[in-house]
Amino acid sequence: MAIIDEVRGPALPDPGIAATPAAPEPRAARPLSMRLVNKLGELLLAKTSRRGFLATTAMAGTALAAAPKTYALTPTSAYAAVCGDGASCSSGWTAFCCTINAGKNTCPPGSLAGGWWKADGSGFCCGGARYYIDCHYTCSNCSSGCGGYSSFCRAGCHPGSCTCATGDCDKRRTNCNYFRYGQCNTQIPCTGPVLCRVITCAPPWQLFSCTTSSKTDNRTGNHSATCLPGQGCLPTIDQWWWDRGGPGSPMGGYVDGVVTDLGGGNSKRTFANGTVYNIAGRGIVQVMNPIDQRYRAAGAHTSALGFPLANEETGPEGGKFQRFAGGMITWLAPTTDIVILTGANYTRFRDLGGLASLGYPMTMGQSVPGGIRDVYASCRVYTRNNASYVVAGAILSTYLGTGETGGSLGWPTSRAYLVNAKQFSGTTPVVKPPTRAMDFEKGRIVVGEGVQYF
């Protein structure tokens, strides 16, 4: 079986040799693009309604920024200009994944990242490197791997067939080119041909299972599609989102129309599955639903919680928690609701050992006779005069039966402790389960049969 390069015609560089990087776009070209966009906007605004103006100029502005000479000086459509060179099926290049994957800048189901290359000085990535990740079908329909081929499985071993994409202008081929750069998922030596290409401005090894071994082909520098962002510098949050799949990322599609500037170098944008923050001095932090829904209902970053400090984490028993500048949000489904911990409630929770010692809170700061009570899934904390006592297990069961702080025993006055007793059967020490006790204002609760008696 012949191994076909990414393009028919001019071949890509040998996988082991990097091409000479193209020079970055001259600074003088950028102001010209912006002047053309602004001039076109003035002309169209005079002849269309505001809605028609916005719809028309959105694509035209992108086309001018991406290929100002092509769009302004030659009879071509804005779509064609946006897609750049080699957008036809006959050109031999592979289509972008967002074109064939419902707008999602991700490898489609059943495929994996097989390798990557970059184009330097890209206007799509603020003049930095733009990365192209090849997605290949896995050989899921074959029990014998490549079936005798060294790197690619034969037709029928994967669900795809060689065809042309049906994008607005990205009509490049899909599932046709037998070529693999090979820096990604190196543990899987056998794949199908290149299905499509994912585009990022972040290095692939930060997003995929890839090595840092670099390949360069600047001829692909202006390749694009209408489902990808146009040239220019996107806000940090938007670029982060696109690099992780755009609508196909875990955040889903966007809800906010634009990134919101929160002042102080902070910004945010809300998506279908949560909110992404860009925090000064910290960078990107995600707050995912349903924690984000609870966080926003409380006032989000303007609440006592403040800005998130880190992404959501998994705690004991598979529960979730997230740290914020002013506290924490915890959740153990389906045992507890989502609980916000701030102020004195959070201080008490933290000082008593947090999740590791107390488990997940259910209700914090309840008023009870003489003080306050915190209810957890497996214990309760009683606080009076700045003294807190954790009551748990069989002692808690007994204490609840007495009426708690307003009952016959009153308030706890000690922590639970082991009863130090001795018991012998003749001269032989008897070993029994621990006996635990706890003192209260009006008595003591003792549970169990004993400690190790000697």
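Thresholds, definitions, all that
Residues numbered from 1 in each chain as written. Predicted model: local features only at pLDDT ≥ 70, side-chain atom pairs only at ≥ 80, totals over all residues. Heavy atoms only, no water. Pairing = 2+ DSSP bridges. Helix = DSSP H or I, 4+ residues; strand = E, 2+ residues; numbered from the N terminus. Axes fitted to C-alpha atoms, helices over the stretch in contact; angles between N-to-C directions. Contact = heavy atoms within 4.5 Å. Core = buried A, V, L, I, M, F, W, Y, C linked by side-chain atoms within 4.5 Å. Buried < 20%, exposed > 50% of the residue type's maximum accessible area, 1.4 Å probe, protein only. 1 Å grid on protein atoms, 1.4 Å probe; cavity = no way out; pocket = protein on both sides within 12 Å on 5 of 7 lines; lining within 4 Å. Points joined across faces, edges and corners; volume = space filled by probe spheres on them. Nonpolar A, V, L, I, M, F, W, Y, C, P; charged D, E, K, R; others polar. Arc of directions from axis to C-beta. Phe/Tyr/Trp six-rings, centres within 6.5 Å; stacked < 30°, edge-to-face > 60°. Lys NZ or Arg CZ within 6 Å of the ring centre and 35° of its normal.

Novice: Describe the sheet that holds strand S14 (residues 361–368), listing the residues and the values that go with them.
Specialist: Read across the open sheet, the four strands follow the order S14-S15-S16-S17; overall the sheet is antiparallel. At either margin of the open sheet sits one strand with a lone partner, and together these are S14 and strand S17 (387–392). On average, adjacent strands in this sheet sit at an angle of 20 degrees to one another, irrespective of strand direction. Strand direction decides the pairing type here: S14 and strand S15 (residues 371–376), joined by five bridges, are antiparallel. If you follow Thr 363 over to S15, its bridge partner there is Val 375. Against the sheet, helix H10 (residues 393–402) engages strand S16 (379–384) and S17, with an angle of about 100 degrees to S17.

Novice: Explain the sheet that holds strand S6 (residues 260–263) residue by residue, including any values.
Specialist: Read from one edge to the other, the open sheet built from four strands follows the order S6-S7-S8-S9, with strand pairing classed as antiparallel. Whereas interior strands pair on both sides, the edge strands pair on one side only; in this sheet they are S6 and strand S9 (283–288). Adjacent strand axes in the sheet meet at a mean angle of 25 degrees when their direction is disregarded. Pairing geometry for strand S7 (residues 266–271) and strand S8 (residues 274–279), over five bridges, is antiparallel. Bridge pairing links Phe 271 to Gly 274 in S8.

Novice: Go over the nonpolar core, please, and point to the residues and values.
Specialist: Note on soluble globular proteins: their nonpolar side chains tend to be buried together. Counting residues in each nonpolar core, the largest one holds 19 residues, and the members touching the most others are Phe 96, Leu 228 and Met 251. Among the elements of the structure, strand S1 (111–119) and helix H6 (236–243) are those that each provide at least two residues to this core. Broken down by element, the residue count for this core peaks at four residues, all from H6. When sequence neighbours within four positions are dropped, the list of residues in contact with Phe 96 reads Tyr 132, Asp 170, Arg 172, Cys 196, Arg 197, Ile 199, His 223, Ser 224, Ala 225 and Leu 228. Of all hydrophobic cores here, the second largest spans 14 residues; its members include Val 339, Tyr 346, Leu 355 and Met 364.

Novice: Report on empty space enclosed by the protein, specifying residues and quantitative values.
Specialist: Under the counting rule described, the total for this entry stands at one cavity of 30 Å³ or more. In this structure, the largest cavity encloses a volume near 80 Å³. Asn 105, Phe 124, Cys 125, Arg 130, Ile 199, Thr 200, Cys 201, Leu 228, Pro 229, Gln 239, Trp 242 and Asp 243 together form the lining of the largest cavity. Looking at the lining of the largest cavity, the elements with two or more residues in it are strand S5 (191–200) and H6. Per-element tally for the lining of the largest cavity: the top contributor is H6, with three residues. Partitioned by chemical class, the residues of the lining of the largest cavity number seven nonpolar, three polar and two charged.

Novice: Could you give an account of H10, naming the residues involved and the relevant values?
Specialist: When H10 is considered as a whole, its buried residues turn out to be Ile 395, Leu 396 and Tyr 399. All buried residues of H10 lie within an arc of 95 degrees about the axis, which places them on one face of the element. Residues of H10 that are exposed and point over 90 degrees away from its buried face: Ser 397 and Gly 401. Turning to H10, the residues buried within the fold contact S16, S17, strand S21 (436–440) and strand S22 (443–447).

Novice: Any details on the packing of aromatic side chains? Residues and values, ideally.
Specialist: The final tally for this structure, using the stated rule, is 18 aromatic pairs. Each ring, one from Tyr 131 and one from Trp 205, has its centre 6.4 Å from the other, and the planes form 80 degrees; the classification is edge-to-face. Residue Tyr 131 is found in strand S2 (residues 130–138), and its partner Trp 205 is found in the loop between S5 and H6; the two are separated by 74 residues along the sequence. Since its relative accessible area comes to 10%, Tyr 131 is described here as buried. Three or more aromatic residues joined by ring pairs form one cluster here, namely Trp 117, Tyr 132, Phe 179 and Tyr 181. Cation over ring: Arg 197 sits above Phe 96, and NZ or CZ is 4.5 Å from the ring centre.

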